[in-house]
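The primary structure of each chain is shown beneath.
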Amino acid sequence: MSSSHSPMPLEGGALPLPTRIALIGNHLPRQCGIATFTTDLSDAITREYPGLGTFVIPVNDPDSAYLYPDRVRLEIFQEDESSYERAAEFLNFHGNDLVCLQHEYGIYGGVAGRYILTLLRKLKMPLVTTLHTVLREPDDEQRAVLDEIVFLSDRVIVMSEYAAGLLRAVYGVPAEKIDLIPHGVPDLPFSDPNYFKDMFGTEGKQVLLTFGLLSPNKGIENVIRALPEILKTNRDVIYVVCGATHPHVLKSAGERYRNSLQRLAEELGVSSHVVFNNRFVSSEELFEQIGSADIYITPYRQEAQVVSGTLAIALGAGKAVISTPYWHARELLAEDRGLLVPFDDHQAIAEAVIDLLRDDAVRHAMRKRAYLYSRRTTWQKTAQAYVECFQHARIERMLRPRPALPDLFAVKTINQVPDFNSGHLQTMTDDTGILQHAIFSLPNYSEGYTTDDNARALIVAMRLNSSPLTRCESYSALARRYLAFLWLAFNEQSGRFRNFLSYGREWLEDVGSEDSHGRSLWALGIVLASTEDAGFRLAAGRLFEAASATALSFTSPRAWAFSILGMQGYLDKFPGDRHVQSYRNELANRLLTIYEATRSGEWHWFEKTLAYSNARLPQALLVAGSSSGNQRMVDAGLESLRWLLSEQHHGGETTFVPIGSRGFAFAAGMKARFDQQPVEACGAVSSCLLAYQMTGQPHWLEEAQSAFRWFLGENDLQVPLYDSSTGGCRDGLHPDRVNENQGAESTLSFLMALLDMQDFQVTTCSKTQLEMSVSR
């Protein structure tokens, strides 16, 4: 396969293989070249990549219905624009990795087939378009449609160098967006035509063949006019015309063209040497019919044809070919792989046929050149080239994301802090605790619960219950439920929290992660710092006392950071506890030590990787350093946070771009842009507001606001993650779409960030009112 573009190499191995591909076009049994191509391409991809889910969305022409195979999932009705819109919704809903469009003006509804744009504008995932027609002189409507298709496509596939050149010269498409993948051909053996002739009653004959759907522009009359001259020297020649009349021609003009060809043959006295096989034949019969041919002829009457599937198949079968010089033929038949004759010149056709039938050596050499050339374009290799193109489209979308058009123009309220909506928090909580995952906005019972999420939920509930703006009995009840979950999770024998609990209330492990233990300490510290309820405080204090010392055995820097935040909450209530002071100081010094040991000229971080919950590490240093008066810790916290934020603004972009969880980032390697998680934005909001409170420097406030606006739609895809209708938060950003599930971690991350922003607004407002009062 050749390509107009060599995509950038990726570090870390092979490109990710897509798992679900939708092909839009036509599909057999509809009778047209696009249907045959889409069917063959889908078959080839399925054979070569059996684990890749491929399905097809065909377009039905008016007043037609087809008995499609199972791979056809949804049908579009050509002149019903609403069906294109429904198809886009279907594709977005089913979470496809990529859509591959087969474009030909005539198969889509509207002027110049513009209804397809209704579908493409709404797609969330990458789009690869195969252009079966590229016009050198399009009219205004055709030009507008193709321009927008190319704009919406991540990559464009053409099947000839000439088509690629037209895209660059006429349409201004950059070369790096174009892939050249020749038309696929079946992997047929190089065989003797005589082997197949008895199947068609042509044994002992010299067979000329033209196949494909009949229409007046095919020029078959010129071959019939050449027959009298050919028969003067080759009395045993038979010309086979294999194929039904094109359905559109049949509908508008009936069999007028075929009848005219038959009359012409009779008038010239060659009707006994012309065979019309008026059927849309199966692939197997077609291959046998091609196999029986001595010479294949494409006598098309128009130059402007950038691809001919029938010509490609004939070459793939190793046929000697005579063709008029339309664009694709000039390319495929170069270097003596066939003979070119002028348009509408039956005498030239006759001379070419006579010459090839006279000289067996020349004819067989031509066949061999054609066959060897076509080995690079078998359907197996075509499938491989298409999937490689799909991989490049996906990774390019990942590296250079863009919003879908509806999202780009949607009204967003990114500069307003929303009111608190606890609806989804309540929905996700049952009498055990908060469930871990959601199916869209529904709780996913099968995934059960985690201590991680119930600790987060306890922090949110305590903050709600301690604020005079939001305090109510329902939040107090939620807080008690989440604290009870932590008691259930604590294993007194091991001194550790378990993490995963099934919906049937069975623990799936004896010891949970260090992070879940650290988050539990954080939540308990928040309870102790904020509650006035003596019984609640005693329950939290007892559990904190039993679990806090264990944190000293941890090796995870994030578990240290979570524990530090919880210990500081405890110390805000009991500042004289020397044991907890020593625990906090020990863990904070460990963070400082690994930071100073790992920090280098361009890498100001605690580890050689940026992973998850990143901003909590500098936040813990700031909290501990500020409380203990350790300026080294404060300086390291500010420096590392400042560096982290610079890494979360790709290439100097102003938009907040959290480190992606699909690969993270390394000191020596690529930085993952996706999948972007709400937990990262939440940590950035908290840490930056803390840095602003400590320094008064306005850029920290700007960074906090930027990270918060990420939730509201100021992100790579211009899509809000916060769902104001439910009060939930979607689970993250993929390169091509938002993850619509509203799980506990995501929702709680948003609610934490929202509470931080609301508390900051209240504090700022109160401070302003106080200053105004003093000034009076």
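For the structure, see preceding data.
No experiment lies behind these values; they were computed from the predicted model shown. (Residues numbered from 1 in each chain as written. Predicted model: local features only at pLDDT ≥ 70, side-chain atom pairs only at ≥ 80, totals over all residues. Heavy atoms only, no water.)

Draft legend 1. Main features of empty space enclosed by the protein. Taken as a whole, this structure holds 5 cavities of 30 Å³ or more when the rule is applied. Its volume calculated, the largest cavity comes out at about 90 Å³. In terms of lining residues, the largest cavity is bounded by Arg456, Arg519, Trp522, Phe562, Ser613, Arg616, Val679, Cys682, Glu745, Leu748, Ser749 and Met752. Top element by residues in the lining of the largest cavity is helix H28 (residues 744-775). It accounts for 4 residues. Of the residues contributing to the lining of the largest cavity, the split by class is 6 nonpolar, 2 polar and 4 charged. Here the second largest cavity is characterised by a volume of approximately 70 Å³. Lining the second largest cavity, in full, are Pro182, His183, Val185, Ala312, Leu315, His328, Leu332, Tyr373, Ser374 and Thr377. Taken together, the elements giving at least two residues each to the lining of the second largest cavity come down to helix H11 (309-316), helix H12 (327-332) and helix H14 (360-374). In terms of residue class, the lining of the second largest cavity is built from 6 nonpolar, 4 polar and no charged. (1 Å grid on protein atoms, 1.4 Å probe; cavity = no way out; pocket = protein on both sides within 12 Å on 5 of 7 lines; lining within 4 Å. Points joined across faces, edges and corners; volume = space filled by probe spheres on them. Helix = DSSP H or I, 4+ residues; strand = E, 2+ residues; numbered from the N terminus. Nonpolar A, V, L, I, M, F, W, Y, C, P; charged D, E, K, R; others polar.)

Draft legend 2. Broad picture of the pattern of salt bridges. All told, the structure shown has 41 salt bridges when counted by the stated rule. One salt bridge in this structure joins aspartate 187 and arginine 375, with 2.8 Å as the shortest N-O distance. Residue aspartate 187 is located in the loop between strand S7 (178-180) and helix H6 (194-197), and its partner arginine 375 is located in the loop between H14 and helix H15 (379-399); the two are separated by 188 residues in the primary sequence. When its relative accessible area of 18% is taken as the criterion, arginine 375 is described as buried. Residue arginine 363 is joined to aspartate 360 by a salt bridge in which the shortest nitrogen-to-oxygen separation is 3.1 Å. Placement of the pair is arginine 363 and aspartate 360 together in helix H14, with a separation of 3 residues, close to one helical turn. Taking the relative accessible area as the measure of exposure, arginine 363 reaches 7% and is therefore buried. Of the residues examined, aspartate 360 reaches a relative accessible area of 41% and is grouped as partly exposed. In the salt-bridge network here, residues are joined through shared partners; they are Arg136, Glu303 and Arg330. (Salt bridge = Lys/Arg side-chain N within 4 Å of Asp/Glu carboxyl O. Buried < 20%, exposed > 50% of the residue type's maximum accessible area, 1.4 Å probe, protein only.)

Draft legend 3. Expanded view of the environment of alanine 144. Within the element layout of this structure, alanine 144 appears in helix H4 (residues 140-152). Sequence separation between alanine 144 and arginine 114 is 30 residues, and the spatial gap between their C-alpha atoms is 8.8 Å.

Draft legend 4. A look at the layout of surface pockets. Counted as a void, the second largest pocket has a volume near 800 Å³. Arg463, Ile526, Gln619, Asp756 and Asp759 are the residues nearest the centre of the second largest pocket, which is lined by 25 residues in total. Going through the elements one at a time, helix H18 (451-466), helix H20 (514-530), helix H22 (557-573), helix H24 (616-628), helix H26 (678-695) and H28 are the ones with two or more residues in the lining of the second largest pocket. For the lining of the second largest pocket, the leading source of residues is H28, giving 5 residues. Tallied by class, the residues present in the lining of the second largest pocket amount to 11 nonpolar, 9 polar and 5 charged.

Distances and angles like these do not, on their own, reveal function.
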